Each structure stands twice: as structure tokens, then as C-alpha cells.
There are 2 protein chains.
Amino acid sequence: MSYQPFTEQTVVEHVRQLGYLQDGIAECEEIGDGNLNLVFRIRQGEQRLIVKQALPYAKVVGESWPLTLERAWIEQLALREFANVAPRFVPDVLGSDRTLAYTILEDLSDYEIVRTGYLKGESYPELARHVGEFLGETLFATSDYAAGPIAKKRIERDYYNPELCDITEKLIFTDPFKDAESNNIEAALREDVERLWQDQALKVEVTKLKVGFVTKHEALLHGDLHTGSIFATQQETKIIDPEFAFYGPFGFDLGQIIAHLTLSTFYDPFKRFERFTDVLTVWETFEKTFRANFERAVEPFNTDGFVDELLRTIFSDTIGYAGCELIRRAVGLAGVADLETLPEATRLERKRDALALGTALIKERHSVESIDDLVTLLSGVRV
Amino acid sequence: MSYQPFTEQTVVEHVRQLGYLQDGIAECEEIGDGNLNLVFRIRQGEQRLIVKQALPYAKVVGESWPLTLERAWIEQLALREFANVAPRFVPDVLGSDRTLAYTILEDLSDYEIVRTGYLKGESYPELARHVGEFLGETLFATSDYAAGPIAKKRIERDYYNPELCDITEKLIFTDPFKDAESNNIEAALREDVERLWQDQALKVEVTKLKVGFVTKHEALLHGDLHTGSIFATQQETKIIDPEFAFYGPFGFDLGQIIAHLTLSTFYDPFKRFERFTDVLTVWETFEKTFRANFERAVEPFNTDGFVDELLRTIFSDTIGYAGCELIRRAVGLAGVADLETLPEATRLERKRDALALGTALIKERHSVESIDDLVTLLSGVRV
């Protein structure tokens, strides 16, 4: 069967043929935003399914460009890989088809997208611990340290994801630092952004972080781990949508989530203590989990003292990538509701904060000594 | 046709069928050492060919283990890739077959293997400049900086070479630093080597260099660039045998060739000035070629000042990998004639020098400021 997008009718027929539904009526609703994927919620009695199907193009702010369907295959591969070591933190994958570019997933209707919850003033008390644990498990398990280089290279080969990586590479590391068409710069912010573009030392550091992104094949990353890629309840956390998954630097996912926890405080300053405590908890839980796993690292990576040096590098990378993400969300193509829904004066102030804080994180990443120092730096921004 | 090793008869028949030979008598001689590959030299009138065929096992010091035939495919792919930008420095590839695991190559009978020439007291006045240029061209051309990350990822995917990389990873970075069966330690050297094994700081640094080898996918490397992998005449230089080719750190090939130029002075101290000048020339030519190519680096890698920082990292990696290679050749599985053919007392002294110098290079690689300082360090060893 060749690829074609499902309709609410054809998807029900298809999953019925696969045995997921009985004869008789099934409810089906397309609930995606239609920019990249179709998302169908199907219900029949107790049975509840999600079918997520990739579209052969991406739409962002009115623009549309072709985008490989292979990302659906990579996404389900990554979910299965993560489930090997952290099944609690990803949705169950019930089925997938490479040609039709769909994945059948556990329905998480009882959960809420974390960014949406945050905008409503919600808190997720287990979130930070869960994300830290997820990263400590999956980043270790897919690295050379767990499996040894031969096994790792075999896994790694499945995660070549050039088109999706290219989006990240352009939108995070390149376009925000020059006068690119893709940028979305508010007129009142133009002067601040132009100052950024003249900061040669900053641009060299961003280039080094981009080089890390494209050359350091350390572990299987989610690749897009912001608060919109996490479903949560008060007790549970599910990481979704790893279509940007690839082998990259340990610090990238960590940096992204820390940046988005920070951005959420720009929207809701009353949550500063809670969210910065979450930043601390994400890192500390990651580090603890990663160190515990490292007890069974293969030689010679189990050399005494090596893991300490490794964690120092992961930490400075994390800070640098968090900085890039803050800047990108203030000036780049993909804005976030945390900033965009603020009233104008506040919004401009917060975007300036994002630029200043992002710059500081990138430039000072090697001299931040501890997670406490990082939290001090993050929370030092006036609000 | 399924794989089987050629004989002197069947290989002539095979290449005749492919149209490389006329009817009538052709001379054929197997000239390989039989450890990893069969190498047939075929002559008929003006026609001269080499057919190199991989054997499905490796033999080293009496041991034999299975080894993927895929390495023949990777070798010819790499030779063709190198020929795109540095055709003068590799043999012409006339044909290849993935199943039969052979490559048909230009015959280089007028050339000599550099290590063999060095042992006879030969000099190759163009060698260092050619090797520097070869590395400056090929390392740049296969990097993210030349092709952009999408094109680079597509090339990179062909060079997954886990089995061959595993040999390097074990024999260079792991086994020499512990009491491994594969080591070949002279009894009189045992005490020195045991001191090395107790040097925890050294072992952490070697582990970091191994991590670079397995995670930094910077450029297509030759992967085994010692003086036995280079054919030369007084005027010409040909890099051969890239069956260990893979995407790795820029500094690895550079470090290997510098280590082997240094080892050649351990055999023949009268050539010290010449060979250390060669070390200088290899680096300086590499840097000059790489910088010139970098003028056309894709953005944002063309950011002012970035290439200087990159070259600093390449330089310290180079020094570290040279150090690992020196240690490995003194205590590991694969000895080199430069050391092994020396009379016992001298040999032990030189091996101790290799251990001391290797250790210094690894530990001090970040504080060596320039190629002149490196040459001073290399030549500081008493002889």
C-alpha cells in the first residue's frame, strides 16, 4: 500500500482490519493541529487509541515545505528504545507502519500537555524528578558507556535524521544570530537583536555548540524536549513526539527542558521558586541516575574519575544549549505561548531578559560550577 | 556469485572477463602478507593491475579471528572519496565488488612503503608536505564545514565500520593500559608498564581520548595512517589501505602519522632533524590547507574566529592521539619494525622513551602552545 493521509473514516477501517477494534461503531476525531501530523483519537467501548500519522510537509506560520515521512518511523523507534529502560515515561507503542508513516499509541487523554497546564497555573510535582530519571536512564542506555561501541554503533545507525536535524540546526544555532528571513523579531526588539548579531564572541561560542550538536554522537536524544512534548498528571509523566530523535550531545535535551522551565517563569513569576526548584531537581535526578547507571559502564569508561569529568562536560553543554534555546524562542521562527501571550510591555521585557540570560549562559557555561550556581544565574533576572 | 578467495589462476580469469586483460598469457603473483588480505599483482604487456581481496579473518601473531568482508567495500569507498579532492595522493580505483570483497587498483610497484624505505635509510623529501595536504583536503571536504550537515550525514552513513573501529579502540585505547592478553610486553619492560597502569590521571585522559574517537564524528578518517600505509617515491606519495576508514576526530590521523615519524627516529637517530622537520611540515601544511579551504566553509562555521578555536582543539587532539599511538606500539599487540629490529638494550631504552613521551603528550596536550613546542617536546627525548 502506498502512502496516503488517513481520514476519520479510513483510519477506523484500517485499525479495525488490524484487529484493534470490534465490528460496530467506533468514535474517531482528528485532534492534531495539522501542521506536521494528523492525530486521530479513536474510541470504542473500553478501547481507546491514538493514531498519529506524519504528513509529507510541514506548515509553520503560513509557510509550507516538504518534510520526510521517515520521521514517523524514527519517532516510534525512539519510543520503543526509550521504553526498554524507562517504560513508565513514554506512551505504549501498539503498532507502526513505515510506508503509511503512522504509529498507534496509548491514548493519554487523562494527561495534559505541560505547557498548557502551566499557562493555566497548574503544577506537576513529580515532573522534574521523572524527566531527570528519564534522561538519566535513556541517555546512559544508548551511549557507548552502556552498550559498548559496537552495539551502540548498530543502534545509532537507525537514527540518521538529517532533515529534522537540519531544522534544529538552522532555527536554533544559525538563523537567530543573523538577519534571517525565518526570524520573527518584534520591531521594538530590533535594536537589542542587532546588538546580539554584533557580539562576535557570542557567535563563536554558539558555533562551537552547533559543532557539538552535529558531531558529538553521544546518546540517543529526544531532540525537542520542551514543555509541549511532555504530557503529565499530578502523578505521572509521559514524554511524547520524539520525531527529532538523533544521536547527539548529552546536554542538548537537558538544556532544552531547563530553558523551557525558565521560560515558564517569564509567564508566571509567582511560580519562580517552584520552577527553579524543578530545574535543580531535573539536573540532580539526572546526575544521580546517570551516576548509578555508570556503576556498570563498560571498560575503560569505568576508569575512576572519568565520570566526574564527563558530567562536568555534560553540565557546561547543558547550560550552553539552554542559552541557545532561550535566545531562539525570543527571536526565532517558533515562538512560545509563555512569551507570546504576555501583554506587550511585559513581553518585550521578558524577551530582552531571554536574550541577556541566553547570552550569559552561553558565554559563562564553563565557569558555572554547580547546579546551585546555575539556578542563581537563572533566577537573577529581574521580573 | 558468492564470496570465495581468489587464486593466482582464478583472479586472472576474473579480471580478463571484466575486460582488463587481453587473451593470452598474463603474469600473476600473490604479494600480500596473507594476514588480512590477498594482494595479486597482474601484468600483461603494458597493463599492470593490483587486485586486493579481503580474507574473512585476520591473523596477527599466530591468532586468527573472523573479520567482516565489508571492510573491502569501505576501503574502496574511502579511496574514491579521497580521490574527489586529493586524487594525486591515492591510487586509482579501477573496479570493486562488494560480494567478492575485492578492489582493482593501480599498480604502485615503482613506489616503496615508507616504513620499509626508512629502515633502509631512505628519505622522502615531499612526503610530509603531501601528507599534510592530503589531510587538509580530505578532512575538510568530508566535514560539516564543507558540505553542510545534511550532505555530510549522507556520506557519513556509508562509513559505519564497527568491527574495524573495535580493533583500534581495544588495541590503542584499552588493552595497553591494563594487563590484557593481547599485549606484547617484554619481561624487562614489565615494571615500567605496571607503573603506567597505576597512573590514574593518565588513564582518565586516555579514556577521554577514546571517547573522542567513538563519539566525535568530525570527518572521514583513514583510520590507520602509519608509515606502512603510505607508498612513496622521491616525488610522489600515495596513501593506501583505508580499511579502517570511519567518521572520527580530525586529530586522529594527524596524531598517528606524527607518532610514526617520531618512532622512525627511534630506529635511526641520524634522521632526527629530518623527521622532526617533517612533523612540523605535516602540521603546517595541514593547517595552511585546512585554513585555505575554510574560506569556503558554510555558515555559521565561517564565523570570524571559529576556525582558530577549532584548530586549537584539533591540535590538542592530535598530540593526545600521537601519545596513545607511541604507548601502544611499545607494549601492545602490533609492534613496529622501527622498535622491534633494534638490538635489545637500545630497544628497551627506546620503548621506555615511547612510554614516557606518550604519557607526556597525553597529559600535556592542552598546554602545548604551538607546533614548534610540540617538536621541542618530541625531540627532547635522549637518544
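Values in this document were obtained by computation on a predicted structure and should not be read as measured data.

1. Remarks on unusual backbone geometry
Turning to step 1, where the next piece is worked out: Here the residue pair Glu299 of chain A and Pro300 of chain A is connected by a cis peptide bond, since its omega of 0° sits within 30 degrees of zero.
Turning to step 2, where the next piece is worked out: With respect to the secondary-structure elements, Pro300 of chain A resides in the loop between helix H11 (272–294) and helix H12 (306–331).
Turning to step 3, where the next piece is worked out: In this structure, Ala101 of chain B takes a positive phi of about 60° despite not being glycine.
Turning to step 4, where the next piece is worked out: Its place among the elements puts Ala101 of chain B in the loop between strand S6 (93–97) and strand S7 (102–106).
Turning to step 5, where the next piece is worked out: For Ala101 of chain B, a relative accessible area of 1% gives the class buried.

2. Describing the relation of the copies chain B and chain A
Turning to step 1, where the next piece is worked out: Relative to chain A, chain B is turned by 180° and slid 0.0 Å along the rotation axis, the superposed coordinates differing by an RMSD of 0.0 Å. Such a turn and shift between the copies fits a two-fold axis. For chain B, the residue whose C-alpha comes nearest the rotation axis is Lys216 of chain B, separated from it by 2.4 Å.
Turning to step 2, where the next piece is worked out: An overlap of 100% is found between the interface residues of chain B and their copies at the interface of chain A, pointing to a shared contact surface.

3. Quick notes on a negative patch on the surface
Residue and element names in this part refer to chain A.
Turning to step 1, where the next piece is worked out: A contiguous patch of negative charge, built from Glu284, Glu369, Asp372 and Asp373, is present on the exposed surface.
Turning to step 2, where the next piece is worked out: Its place among the elements puts Glu369 in the loop between helix H14 (344–364) and helix H15 (371–379).
Turning to step 3, where the next piece is worked out: The exposed category is assigned to Glu369, whose relative accessible area is 68%.

4. Here's the deal with the side chain of Ser229 of chain A
All names here are of chain A.
Turning to step 1, where the next piece is worked out: Structurally, Ser229 is set in the loop between strand S9 (219–221) and strand S10 (230–232).
Turning to step 2, where the next piece is worked out: According to the relative accessible area criterion, Ser229 is buried, its value standing at 2%.
Turning to step 3, where the next piece is worked out: At 2.8 Å, the side chain of Ser229 forms a polar contact with the backbone oxygen of Asp224.
Turning to step 4, where the next piece is worked out: Setting aside residues no more than four positions away along its own chain, Ser229 makes contact with His222, Asp224, Lys238, Ile239 and Ile240.

5. Regarding the UniProt feature "binding site: ATP" (unreviewed entry) in chain A
Residue and element names in this part refer to chain A.
Turning to step 1, where the next piece is worked out: As annotated in UniProt, the feature "binding site: ATP" (unreviewed entry) corresponds to Asn37, Lys52, Glu106, Asp107, Leu108, Asp241, Pro242 and Glu243 in the numbering used here.
Turning to step 2, where the next piece is worked out: With respect to the helices and strands, Glu106 occurs in strand S7 (residues 102–106).
Turning to step 3, where the next piece is worked out: Excluding its chain neighbours within four sequence positions, the residues that come into contact with Glu106 are Ile50, Val90, Pro91, Asp92, Leu94 and Lys238.
Turning to step 4, where the next piece is worked out: Only 2.8 Å separates the side chain of Glu106 from the backbone nitrogen of Asp92, close enough to count as a polar contact.
Turning to step 5, where the next piece is worked out: Mapped onto the secondary structure, Asp241 falls in the loop between strand S11 (237–239) and strand S12 (246–248).
Turning to step 6, where the next piece is worked out: The partly exposed category is assigned to Asp241, whose relative accessible area is 25%.
Turning to step 7, where the next piece is worked out: A distance of 2.5 Å separates a polar atom in the side chain of Asp241 from a polar atom in the side chain of Lys52.

6. Focus on the sheet that holds strand S1 (residues 27–30) of chain A
All names here are of chain A.
Turning to step 1, where the next piece is worked out: If you trace the five strands from one edge of the open sheet to the other, you get S1-S2-S3-S7-S6, paired in antiparallel fashion. The open sheet has two edge strands, S1 and strand S6 (93–97), and neither has a second partner. Between one strand axis and the next, the sheet turns by 20° as a mean value, whatever way the strands run.
Turning to step 2, where the next piece is worked out: Taken together, the five bridges between strand S3 (residues 47–54) and S7 define a ladder with antiparallel strand orientation. Following the sheet pairing, Lys52 is matched in S7 by Thr103.
Turning to step 3, where the next piece is worked out: Strand contacts of helix H2 (residues 70–85): strand S2 (37–44), S3, S6 and S7, with the helix running at about 150° to S6, the strand carrying the most contacts.

7. Points about the interface of chain B and chain A
Where the parts come together, the accessible area they lose is often given as the size of the interface.
Turning to step 1, where the next piece is worked out: Every contact between the two is made by 39 residues of chain B and, on the other side, 39 residues of chain A.
Turning to step 2, where the next piece is worked out: Together, the buried faces of chain B and chain A total about 3600 Å²; carbon and sulfur atoms form 61% of this surface.
Turning to step 3, where the next piece is worked out: By the criterion of area lost to chain A, the three top residues of chain B are Lys153, Arg157 and Tyr160 of chain B, representing 17% of everything that side buries.
Turning to step 4, where the next piece is worked out: Linking chain B with chain A are eight salt bridges, by the criterion used here.
Turning to step 5, where the next piece is worked out: Counting residues per element, the side of chain B that touches chain A draws most heavily on helix H9 (residues 200–215) of chain B, at ten residues.
Turning to step 6, where the next piece is worked out: Each residue belonging to the side of chain B that touches chain A can be placed in one class, and the counts come to 13 nonpolar, seven polar and 19 charged.

8. Some thoughts on the pattern of salt bridges
Turning to step 1, where the next piece is worked out: Under the counting rule described, the total for this entry stands at 77 salt bridges over all chains.
Turning to step 2, where the next piece is worked out: Where salt bridges share partners, they join Arg43, Arg48, Asp107 and Asp110 of chain A into one cluster.

9. Quick notes on the state of the cysteines
Residues and elements named next belong to chain A.
Turning to step 1, where the next piece is worked out: Going through the model one piece at a time under the given rule, you end up with zero disulfides over all chains.
Turning to step 2, where the next piece is worked out: Sulfur of Cys324: no disulfide; nearest cysteine sulfur belongs to Cys165 and is 15 Å away.
Turning to step 3, where the next piece is worked out: Among the residues examined, Cys324 registers a relative accessible area of 1% and is labelled buried.

10. A word on the nonpolar core
Turning to step 1, where the next piece is worked out: In this structure, Tyr145, Phe290 and Phe294 of chain A together with Tyr145, Phe290 and Phe294 of chain B are the most contacted members of the largest nonpolar core, which totals 192 residues.
Turning to step 2, where the next piece is worked out: Once residues within four sequence positions are removed from consideration, Phe294 of chain A is found in contact with Phe140, Tyr145, Phe301, Phe306, Val307 and Leu310 of chain A.
Turning to step 3, where the next piece is worked out: Counting residues in hydrophobic clusters, the runner-up holds 20 residues, among them Val51, Ala72, Ala101 and Ile104 of chain B.

11. Considering the pairing of strand S3 (residues 47–54) of chain B
Residues and elements named next belong to chain B.
Turning to step 1, where the next piece is worked out: Burial analysis of S3 places six of its eight residues in the buried class, the great majority of the element.
Turning to step 2, where the next piece is worked out: Relative to S3, strand S2 (residues 37–44) runs antiparallel, the two sharing eight bridges. The partner of Leu38 across the bridge, within S3, is Gln53.
Turning to step 3, where the next piece is worked out: Between the end of S2 and the start of S3, which pair antiparallel, lie two residues, with Gly45 showing a positive phi angle near 55°.

12. A few points about the domain arrangement of chain A
Residues and elements named next belong to chain A.
Turning to step 1, where the next piece is worked out: By domain assignment, chain A separates into domain 1 (8–106) and domain 2 (112–379).
Turning to step 2, where the next piece is worked out: Between the C-alpha centres of domain 1 and domain 2 the distance comes to 26 Å.
Turning to step 3, where the next piece is worked out: Taken together, the two surfaces of domain 1 and domain 2 that pack against each other cover about 2300 Å², and 68% of this comes from carbon and sulfur.
Turning to step 4, where the next piece is worked out: For the domain 1 face of the interface with domain 2, the top three residues by lost area are Ile74, Phe82 and Phe89, together amounting to 31%.
Turning to step 5, where the next piece is worked out: Put simply, domain 1 and domain 2 have three salt bridges between them.
Turning to step 6, where the next piece is worked out: Its salt-bridge partner being Lys52, residue Asp241 comes within 2.5 Å of it at the nearest N-O pair.
Turning to step 7, where the next piece is worked out: Viewed at the interface, domain 2 and domain 1 are joined by nine residue pairs in polar contact (both at pLDDT 80 or more).

13. Structural notes on the sheet that holds S11 of chain A
Residue and element names in this part refer to chain A.
Turning to step 1, where the next piece is worked out: Taken together, three strands build an open sheet; the order of strands is S8-S10-S11 and the sheet is antiparallel. Strands with a single pairing partner mark the edges of an open sheet, and in this sheet they are strand S8 (112–113) and S11.
Turning to step 2, where the next piece is worked out: Direction of pairing for S8 relative to S10: antiparallel, over a ladder of two bridges. Among the inter-strand pairings, Ile113 is bridged to a residue of S10, identified as Phe231.
Turning to step 3, where the next piece is worked out: Running at roughly 40° to S11, helix H4 (residues 127–141) makes contact with S10 and S11 of the sheet.

14. Concerning the UniProt feature "binding site: substrate" (unreviewed entry) in chain A
Residue and element names in this part refer to chain A.
Turning to step 1, where the next piece is worked out: Per the UniProt entry, the sites bearing "binding site: substrate" (unreviewed entry) are Asp224 and Arg328 in this numbering. These residues run over 105 residues, yet every pair of their C-alpha atoms falls within 13.2 Å of each other.
Turning to step 2, where the next piece is worked out: Here Asp224 lies in the loop between S9 and S10.
Turning to step 3, where the next piece is worked out: Filtering out sequence-adjacent residues up to four positions away, Arg328 remains in contact with Leu171, Ile172, Pro176, Gln256 and Ala334.

15. Examining the packing of aromatic side chains
Turning to step 1, where the next piece is worked out: Summed over all chains, the structure comprises 51 aromatic pairs over all chains.
Turning to step 2, where the next piece is worked out: Considering the side-chain rings of Phe173 of chain A and Tyr321 of chain A, the 5.9 Å spacing of their centres and the 80° angle between planes classify their relative orientation as edge-to-face. In this pair, Phe173 of chain A sits in helix H7 (residues 162–174) while Tyr321 of chain A sits in helix H12, placing the two residues 148 residues apart along the sequence.
Turning to step 3, where the next piece is worked out: Assessed through its relative accessible area of 2%, Phe173 of chain A is described here as buried.
Turning to step 4, where the next piece is worked out: Residues Phe252 of chain B and Tyr321 of chain B carry aromatic rings whose centres are separated by 5.4 Å and whose planes lie at 75° to one another, so their mutual orientation is edge-to-face. On the criterion of sequence distance, the pair formed by Phe252 of chain B in helix H10 (residues 251–267) and Tyr321 of chain B in helix H12 (residues 306–331) is long-range, its members being 69 residues apart.
Turning to step 5, where the next piece is worked out: When its relative accessible area of 1% is taken as the criterion, Phe252 of chain B is described as buried.
Turning to step 6, where the next piece is worked out: Through a chain of ring-to-ring contacts, three or more aromatic side chains come together here, namely Phe140, Tyr145, Phe250, Trp283, Phe286, Phe290, Phe294, Phe301, Phe306 and Phe315 of chain A.

Thresholds applied
- Residues numbered from 1 in each chain as written.
- Chains lettered and ligands numbered in written order.
- Predicted model: local features only at pLDDT ≥ 70, side-chain atom pairs only at ≥ 80, totals over all residues.
- Heavy atoms only, no water.
- Helix = DSSP H or I, 4+ residues; strand = E, 2+ residues; numbered from the N terminus.
- Buried < 20%, exposed > 50% of the residue type's maximum accessible area, 1.4 Å probe, protein only.
- Least-squares fit on C-alpha atoms with pLDDT ≥ 70 in both.
- Contact = heavy atoms within 4.5 Å.
- Patch = residues over 30% accessible without salt bridge, like charges linked within 9 Å, V, L, I, M, F, W, Y side chains within 5 Å.
- Areas by Shrake-Rupley, 256 points an atom, 1.4 Å probe, with all protein chains shown as cover.
- Salt bridge = Lys/Arg side-chain N within 4 Å of Asp/Glu carboxyl O.
- Lys, Arg positive; Asp, Glu negative; His and termini not counted.
- Charge placed at Lys NZ, Arg CZ, Asp CG, Glu CD.
- Polar contact = N/O pair within 3.5 Å; in protein donor to acceptor, adjacent residues only side chain to side chain.
- UniProt positions renumbered as here; feature names shortened; annotations may be inferred.
- Pairing = 2+ DSSP bridges.
- Axes fitted to C-alpha atoms, helices over the stretch in contact; angles between N-to-C directions.
- Buried area = accessible area lost by both parts, 1.4 Å probe.
- Nonpolar A, V, L, I, M, F, W, Y, C, P; charged D, E, K, R; others polar.
- Disulfide = S-S within 2.5 Å.
- Core = buried A, V, L, I, M, F, W, Y, C linked by side-chain atoms within 4.5 Å.
- Domains from an automatic or database assignment.
- Phe/Tyr/Trp six-rings, centres within 6.5 Å; stacked < 30°, edge-to-face > 60°.

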